[in-house]
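What the coordinates show
For reference, the chains in residue letters:
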Amino acid sequence: MKIIILGAGQVGGTLAEHLASEANDITVVDTDSDRLRQLGDRLDIRTVQGRGSFPAVLRQAGAEDADMLVAVTNSDEVNMIACQVAYTLFHTPTKIARVREAAYLSRSGLFNNESIPVDVLISPEQVVTNYIKRLIEYPGALQVIDFADGKAQLVAVKAYYGGPLVGQQLRQLREHMPNVDTRVAAIFRRNRPIMPKGDTVIEADDEVFFIAAKAHIRAVMSEMRRLENSYKRVVIAGGGHIGERLAEAIESRYQVKIIEMNAARCRYLSESLDSTIVLQGSASDRDLLVEENINDADIFLALTNDDEANIMSSLLAKRLGARKVMTIINNPAYVDLVQGGEIDIAISPQLATIGTLLTHVRRGDIESVHSLRRGAAEAIEAIAHGDAKSSKVVGRAIEEIALPPGTTIGAIIRDEEVLIAHDDTVIESGDHVILFLVDKKYIRDAESLFQVGLTFF
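Residues numbered from 1 in each chain as written. Predicted model: local features only at pLDDT ≥ 70, side-chain atom pairs only at ≥ 80, totals over all residues. Heavy atoms only, no water.

Per an unreviewed UniProt entry, the protein carries the name Trk system potassium uptake protein TrkA and comes from Pseudomonas benzenivorans.

1. Some details on the overall build of the protein
Secondary structure assignment for the protein yields 15 helices and 22 strands. Over its C-alpha atoms the protein spans a radius of gyration of 23 Å, differing by no more than 12% from the 23 Å that the globule rule assigns to 457 residues. Across its three principal directions, the C-alpha atoms of the protein cover 65 × 60 × 40 Å. Relative to its 457 residues, the protein shows a buried fraction of 56%. In the protein, of all internal contacts separated by at least 6 residues, the share reaching a separation of at least 24 is 61%. (Helix = DSSP H or I, 4+ residues; strand = E, 2+ residues; numbered from the N terminus. Rg over C-alpha atoms; globule rule 2.2 N^0.38 Å. Buried < 20%, exposed > 50% of the residue type's maximum accessible area, 1.4 Å probe, protein only. Contact = heavy atoms within 4.5 Å.)

2. Here we look at the layout of surface pockets
Of the pockets and cavities examined, the second largest pocket occupies roughly 820 Å³. What lines the second largest pocket is a set of 44 residues, among which Arg134, Ile145, Asp146, Val369 and His370 lie closest to the centre. Going through the elements one at a time, α6 (124-137), β7 (141-147), β17 (345-347), α14 (349-358), β18 (366-372) and β20 (407-414) are the ones with two or more residues in the lining of the second largest pocket. In terms of residue class, the lining of the second largest pocket is made up of 17 nonpolar, 15 polar and 12 charged. (1 Å grid on protein atoms, 1.4 Å probe; cavity = no way out; pocket = protein on both sides within 12 Å on 5 of 7 lines; lining within 4 Å. Points joined across faces, edges and corners; volume = space filled by probe spheres on them. Nonpolar A, V, L, I, M, F, W, Y, C, P; charged D, E, K, R; others polar.)

3. Topic: the UniProt feature "domain: RCK N-terminal" (unreviewed entry) in the protein
Taking the numbering used here, the UniProt-annotated feature "domain: RCK N-terminal" (unreviewed entry) corresponds to residues 1-122 and 231-347. Regarding residues 1-122, the helix share stands at 38% and the strand share at 22%, and the terminal C-alpha atoms are separated by 20 Å. (UniProt positions renumbered as here; feature names shortened; annotations may be inferred.)

4. Remarks on the side chain of Asp344
By secondary structure assignment, the location of Asp344 is in the loop between α13 (335-338) and β17. One polar contact links Asp344 to Lys318, side chain to side chain, over a distance of 2.8 Å. There is a polar contact of 2.8 Å between the side chain of Asp344 and the backbone nitrogen of Val325. (Polar contact = N/O pair within 3.5 Å; in protein donor to acceptor, adjacent residues only side chain to side chain.)

5. Digging into the nonpolar core
Counting residues in hydrophobic clusters, the biggest one holds 72 residues, and the most contacted among them are Ile132, Ile136, Leu154, Ile202, Ile236, Leu301 and Phe436. Those residues in contact with Ile202 that sit more than four places away from it in its chain are Ala159, Leu165, Val166, Gly167, Gln168, Leu170, Ile187, Arg189, Val208 and Met224. Membership of the second largest hydrophobic core comes to 45 residues, among which are Val28, Ile354, Ile366 and Val394. (Core = buried A, V, L, I, M, F, W, Y, C linked by side-chain atoms within 4.5 Å.)

6. Quick word on unusual backbone geometry
Even without being glycine, Asn191 reaches a positive phi, approximately 70 degrees. For Asp205, which is not a glycine, the phi torsion comes out positive at approximately 80 degrees. On the secondary structure map, Asp205 appears in the loop between β10 (192-194) and β11 (207-213).

7. Digging into the packing of aromatic side chains
Evaluation of the coordinates by the stated rule reveals two aromatic pairs. Ring geometry for Phe188 and Phe209: centres 5.9 Å apart, planes at 70 degrees, overall edge-to-face. Of this pair, Phe188 sits in strand β9 (residues 182-189) while Phe209 sits in strand β11, and the two are 21 residues apart along the sequence. Through successive ring pairs, a cluster of aromatic residues spans Phe188, Phe209 and Phe436. (Phe/Tyr/Trp six-rings, centres within 6.5 Å; stacked < 30°, edge-to-face > 60°.)

8. Here we look at the sheet that holds β18
The strand order β18-β19-β22-β20-β21 describes an open sheet built from five strands, whose pairing is antiparallel. Strands with a single pairing partner mark the edges of an open sheet, and in this sheet they are β18 and β21 (417-420). Taken over all neighbouring pairs, the strand axes of this sheet differ in orientation by 20 degrees on average, direction set aside. The sheet contact formed by strand β19 (residues 377-383) and strand β22 (residues 432-437) spans six bridges and is antiparallel. Paired with Ile383 across the two strands is His432, which belongs to β22. Along the sheet, α14 makes contact with β18 and β19, crossing β18 at roughly 155 degrees. (Pairing = 2+ DSSP bridges. Axes fitted to C-alpha atoms, helices over the stretch in contact; angles between N-to-C directions.)

9. Observations regarding α14
In terms of burial, α14 is a largely internal element, nine of the 10 residues being buried. Among all positions in α14, only Pro349, Gln350, Leu351, Ala352, Thr353, Ile354, Gly355, Leu357 and Leu358 are buried.

10. Overview of the packing of helix α1 (residues 10-20) against α14
Think of two packed helices as two axes; the pair is described by the angle between the axes and how far apart they sit. Two elements in contact, α1 and α14, have axes whose closest approach is 10 Å; the angle formed by their N-to-C orientations is 55 degrees. One element, α1, and the other, α14, form an angle in the oblique class. Handedness of the crossing formed by α1 with α14: right-handed. Seen from α1, the contacting residues are Gln10, Val11, Thr14, Leu15, His18 and Leu19; seen from α14, they are Gln350, Leu351, Ile354, Leu357 and Leu358. (Parallel < 35°, antiparallel > 145°, perpendicular 65-115°, else oblique. Left-handed = near helix turned anticlockwise from the far one by under 90°.)

11. So, the UniProt feature "domain: RCK C-terminal" (unreviewed entry) in the protein
The positions UniProt marks with the feature "domain: RCK C-terminal" (unreviewed entry) are residues 142-226 and 367-452. Regarding residues 142-226, the helix share stands at 14% and the strand share at 36%, and the terminal C-alpha atoms are separated by 14 Å.

12. Considering the pattern of salt bridges
This model, assessed by the stated rule, comprises 23 salt bridges. Note that Arg253 and Glu137 form a salt bridge whose closest N and O atoms lie 3.6 Å from each other. Here Arg253, found in the loop between α9 (241-250) and β13 (255-260), pairs with Glu137, found in helix α6; they are 116 residues apart in sequence, far enough to count as distant. For the salt bridge of Arg319 with Glu342, the shortest nitrogen-to-oxygen distance reads 2.9 Å. A residue pair is termed long-range when its members are at least 10 positions apart, and Arg319 in helix α12 (residues 307-319) and Glu342 in the loop between α13 and β17 qualify at 23 residues. Judged by relative accessible area, Glu342 falls into the partly exposed class, the value being 32%. The network of salt bridges with common partners includes Glu228, Arg233, Asp298, Arg323 and Lys324. (Salt bridge = Lys/Arg side-chain N within 4 Å of Asp/Glu carboxyl O.)

Now the structure itself:
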């Protein structure tokens, strides 16, 4: 696939890295020559320096025969105009734009071929907000992913000493929970993937990914670790777009405080939010955190754009007694360095957003793509079509499907029912199939399973 990416920042660069490794023809456009040179030195891609909304620059990037334009510069306006130019002059089939301002997103009918021709809108702030909200809903989870509108969920947890299943074989899950169906999709032990089998023994500190119907998630979590009490008191450092959206989403269920430096922004937040308490000041101010009883906080979230400030305030909050701390880390290279010590969870907005973009690049009928373990693994929701003659999966039991190495089928959503995958489960046309891949070099092979042969037509 020939893809033009506008913007060589964190999102554009991360996307280029993912796609270049999957044999796509990638061109990245940016005004910053240093960023382009760094990307070009690392990846097998073309680069073009210039403003991505200019017709001549898009032509130089190959827009005349491009399959897709992904506009992820820091400017909403440049992204939107680039899509307009690509549609009008080059008839680019698929146009994706990052649009961050709520003022644009709140207007219905603005984005269509008769107005601003954007096929797919990406709002990183909303993606990250939803990501954090799910983590708040499941204390103790490292990652929570929705499939089929939340009917099934994939959850990552760290197995702790004392968990009922720790030190025992996976096949004993059924004995422990005879009325709950679940499947362990993968285990990461000391950062190396283990393909789970019935005789696999879970060890303390294993990172376990399991899939189940939403109603059964907490029951399965309790097998791996002691269940944590639900959060009640939430402190958010940073009243930007993500802080505001998160507070708005959770303030009806939790006691929420926002700490924000900017006085004007504080006034705006106080007027816009219903029950959230807004405090002006720095989250790195020890006296302020002590005065606001940070030791009573169930969770402290550092959500500013400054990685250093986020790390410092999170460490301070933890040492002052906050039960759990999470922080946004905008540089993905830092995520592994800070997570798991005093900082419980580090969130990369780029990696959280990348799955939304990859969904529209994958071959076959792919409903959603999710990057796992900071990009090391991937979960895919694919829709099966065809019949036994035209499809490699329809009409076949899971044990009969030639899955690529390191790939497991975790669950199938059929209409409203969540079916946990077993060897004798037969896939039907229209099923939503959840796949887990621990080796991303086999992504194309996994996708090809869901491409319908010509006999279907």
